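# A structural walkthrough
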Amino acid sequence: MGAADDISSSSSDFLNNSDTQVVLNIYDLIPLNQYTYWFGFGIFHSGIEVHGKEYGFGAHDFSASGVFEVEPRSCPGFIYRCSIPLGRINMPPLEFRTFIESAASEYHGDTYHLISKNCNHFTDDMSWRLTGKCIPGWVNRLARLGALCSCLLPESLQVTTVKRLPEYHEGIEDGSESLATSTKSTEIDDTDQAKHLLSPTSVSGDVTFVKEAHK
């Protein structure tokens, strides 16, 4: 068997490998979490890992997909804490790509809200759709408390967006569609500093957004 046959075989294995673990990857947003975590409280970011990639939801100021893709347990700007297996599913990579692109149309960057529609709401929704299970309640406890006591939270924590525009470029990788993107950032003044902590898209450098499916 030649090199071309090996590549063809590897590509075929990738496309036909339907069985995969769904994993919740959790990150600390603030150093204080190392103390409050043991009391069941903290400010966390989470991403959902499927077929070797991690998907999260972040904020920007545009009516376009806020769902992004990173290497597992490597979301920039956050401190990785732990991973929680949520269950196994039988879904080919291309079918999952269709699924996540469809979900991206429901999670635009300008709809992100720390209390009502944040990254943990996204992973909880994806977990439920894929496995029929919710993510652990402590991951998004801040949002539930904030929904009850939003009047006590500063405005910078109630609504958060960052001024970044996703640009989509299509390519082919491992036999599936790869939607690599870059971002354009605008200058952010001092009043926006609190927002930096709350969205991975505020980190400098390229972010790989998932292009939403056309309806």
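Report follows, based on the coordinates. (Residues numbered from 1 in each chain as written. Predicted model: local features only at pLDDT ≥ 70, side-chain atom pairs only at ≥ 80, totals over all residues. Heavy atoms only, no water.)

### What about the packing of aromatic side chains?
One pass over the structure, following the stated rule, counts nine aromatic pairs. Measuring from centroid to centroid gives 6.3 Å for tyrosine 27 and phenylalanine 78, while their planes differ by 55°, and the two rings are tilted. Placement of tyrosine 27 in strand E1 (residues 19-28) and of phenylalanine 78 in the loop between strand E4 (67-70) and strand E5 (79-90) is noted, with a sequence separation of 51 residues between them. Relative accessible area serves as the criterion here: at 11%, phenylalanine 78 is assigned to the buried category. Taken together, the ring pairs in this structure connect Phe57, Tyr107, Tyr112 and Phe122 into an aromatic cluster. The ring centre of tyrosine 107 lies 4.9 Å from the NZ or CZ of lysine 117, which sits over that ring. (Phe/Tyr/Trp six-rings, centres within 6.5 Å; stacked < 30°, edge-to-face > 60°. Helix = DSSP H or I, 4+ residues; strand = E, 2+ residues; numbered from the N terminus. Buried < 20%, exposed > 50% of the residue type's maximum accessible area, 1.4 Å probe, protein only. Lys NZ or Arg CZ within 6 Å of the ring centre and 35° of its normal.)

### Details of the pairing of E4
Alternating residues of E4 divide into Val67 and Glu69 and Phe68 and Val70, and every residue in both groups is buried. Where strand E3 (residues 53-57) lies against E4, four bridges are found, and the strand directions are antiparallel. Of the residues in E4, the one forming a bridge with tyrosine 55 is glutamate 69. Relative to strand E8 (residues 208-209), E4 runs antiparallel, the two sharing two bridges. Residue pairing in the sheet places phenylalanine 68 in a bridge with phenylalanine 209 of E8. (Pairing = 2+ DSSP bridges.)

### Describing the packing of helix H3 (residues 93-104) against helix H4 (residues 119-131)
Viewed as axis vectors pointing N to C, H3 and H4 meet at an angle of 140°, and their least axial separation amounts to 12 Å. On the basis of their axis angle, the class for H3 and H4 is oblique. The element H3 and its partner H4 pack so that their crossing is right-handed. Two secondary-structure elements touch here, H3 through Phe96, Phe99, Ile100 and Ala103 and H4 through Phe122, Met126, Arg129 and Leu130. (Axes fitted to C-alpha atoms, helices over the stretch in contact; angles between N-to-C directions. Parallel < 35°, antiparallel > 145°, perpendicular 65-115°, else oblique. Left-handed = near helix turned anticlockwise from the far one by under 90°. Contact = heavy atoms within 4.5 Å.)

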